[in-house]
Every structure is written in structure tokens, then in C-alpha cells.
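A structural walkthrough
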Amino acid sequence: MRLILPTGEGGADRAYELDGVLDLSRVTLNETIELKRVTGMDLARVYTGLGMLDRLIGIPNDKVLVAMSRSLDLMEAYRALVWMARHRAGDRAPDGSVLTVEQAADFPFEGLGVEPDPGDARPGEDDAADPTLPPADGGPATVGGTPQQPPAPGIAGPSSQTSD
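Residues numbered from 1 in each chain as written. Predicted model: local features only at pLDDT ≥ 70, side-chain atom pairs only at ≥ 80, totals over all residues. Heavy atoms only, no water.

**Describing the side chain of D91**
Locating D91 in the fold gives a position in the loop between α5 (72–88) and α6 (101–104). In this structure D91 comes out as buried when scored by relative accessible area, which is 9%. Within polar-contact distance, the side chain of D91 engages the side chain of Y16 at 2.5 Å. Within the local environment of D91, its side chain forms a polar contact with the side chain of R86, the two groups lying 2.7 Å apart. The residues touching D91, leaving out its near neighbours within four places in the chain, are T7, R14, Y16, R86 and L99. (Helix = DSSP H or I, 4+ residues; strand = E, 2+ residues; numbered from the N terminus. Buried < 20%, exposed > 50% of the residue type's maximum accessible area, 1.4 Å probe, protein only. Polar contact = N/O pair within 3.5 Å; in protein donor to acceptor, adjacent residues only side chain to side chain. Contact = heavy atoms within 4.5 Å.)

Structural data, given as C-alpha cells:
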């Protein structure tokens, strides 16, 4: 997924990749510390609501803004996401310092957009790329609708690591 912001030269649209930002396993300790310093928010607060980011694709910005305006935490989470994406992309303040959260998000909301990356699944597409479905009822995961049993105790499953 990409965040499209009017932050290019002369307010031109610029795409920011979100793969490394939305995947917590790729966020560094330094980014987490800087995020807290700059935004005052921890990762848990920032990621509140961001799981629904892909649902914003194709929705007019005025409707998104009105819906988001009902929750200060949600608006601040998106502002922090903008800061984090721009920080990761190397954007800096005019004097070369780290962007403040206010500087990072100082553009008309109409300029904010979310787009799928080429190759991203589109809403409504078959999710065959990941056939292991999480259980909705707390039961075992399924592959193609067939329940999968966990390996017996002491037997390494397919994702287990073994050592020599």
C-alpha cells in the first residue's frame, strides 16, 4: 500500500511506501523512540485504526475526514502515520532537522490518498495467495476449508526451527 501526499516539489503528489511502516516487525527501535518523541504516541495508539487503511482506497477524502473527525485518537494516529512514512522516506525540515509531526502533516487533507501497490490484492479479489485462514470460532486454522491439526507434542511443525 502507498500513501499519496502533496509533498513533492510545488505540491506535486509523492508516493510513500507503507510496507515497512505498517509491518511492526520492520519498525526499528530508533523509529519507535523518535515516534514517541515527535508525536507523543506509542505504537499501540498509532496502530489503532490503521488496520483499516486499505478500506480508505476509493473513498472520497471529505467523507474520510468527517468520519475520522469523530475521534481525536484516530486523527492523531493518521497524522503519526504520515510522519512515520515521511521520516522513513528521508523527508526533512527545510533546515535539515527531523520533521515535526506538525510539519509532516501540514497540507490540505484533500491531498492525502491511499493506493494499492501494484500486485496488492484488490478488495473483493480471491485471497488465494494465503490459503491458511485464521479460525473465526477459536477452532483450528483451515487450508482450503479443511481443518488443520497442530503437530503432536514433540514433533516439529512446518514453521518450527530445528537446531543441529
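**Details of the pattern of salt bridges**
Summed over all chains, the structure comprises six salt bridges. A salt bridge links R45 to E76, with the nearest nitrogen and oxygen atoms 3.5 Å apart. Remark: E76 occurs in helix α5 and R45 occurs in helix α3 (residues 43–46); sequence separation between them is 31 residues. Using a relative accessible area of 31% as the deciding quantity, one classes R45 as partly exposed. Given a relative accessible area of 22%, E76 falls into the partly exposed group. We note a salt bridge from D91 to R86, for which the minimum N-O separation is 2.7 Å. Taken together, the salt bridges that share partners define one network made up of R14, R86 and D91. (Salt bridge = Lys/Arg side-chain N within 4 Å of Asp/Glu carboxyl O.)

**Thoughts on the nonpolar core**
In terms of nonpolar packing, the biggest core is built from 30 residues, with L3, L5, L18, V46, W83 and M84 touching the most fellow members. Elements with a contribution of two residues or more to this core: β1 (2–5), α4 (61–68), α5 and α6. Looking at which element gives the most residues to this core, the answer is α5, with eight residues. Residue contacts for L3: discarding those within four places in its chain leaves R14, A15, Y16, L18, V82, A85, L112, G113 and V114. (Core = buried A, V, L, I, M, F, W, Y, C linked by side-chain atoms within 4.5 Å.)

**A look at the sheet that holds strand β3 (residues 113–115)**
Spatial ordering of the open sheet is given by β2-β1-β3, a layout of three strands whose pairing is antiparallel. For this open sheet the edge positions go to β2 (14–17) and β3, each flanked by a neighbour on one side alone. Pairwise comparison of adjacent strand axes, ignoring direction, gives a mean angle of 30° for this sheet. As judged from the three bridges shared by β1 and β3, these two strands associate in the antiparallel manner. Counterpart to R2 in the pairing with β3 is E115. Against the sheet, α5 makes contact with β1 and β2, and its axis sits at roughly 95° relative to β1, the strand it touches most. (Pairing = 2+ DSSP bridges. Axes fitted to C-alpha atoms, helices over the stretch in contact; angles between N-to-C directions.)

**Considering the pairing of β1**
In the sheet, β1 pairs with β2 via four bridges, with the strands oriented antiparallel. Along β2, the bridge assignment pairs L5 with R14.

**Some details on the environment of V27**
For V27, the position within the fold is in the loop between α1 (19–22) and α2 (29–39). The spatial distance from the C-alpha of V27 to the C-alpha of M84 is 9.7 Å, given a sequence separation of 57 residues. Those residues in contact with V27 that sit more than four places away from it in its chain are G20, V21, T32, L43, Y47, M84 and R88.

**Notes on the confidence of the model for the protein**
When pLDDT is averaged along the protein, the result is 73, and 68% of the positions lie at 70 or above. Of all secondary-structure elements in the protein, the lowest mean pLDDT belongs to strand β4 (residues 132–133), at 46, while α6 reaches the highest, 92. Per-residue pLDDT stays below 50 along residues 126–134; that stretch engages in eight contacts with residues further than four places along the chain or on separate chains. Here residues 148–164 scores under 50 on pLDDT; set against residues more than four positions off or in separate chains, the count is seven contacts. (pLDDT = per-residue confidence, 0-100.)

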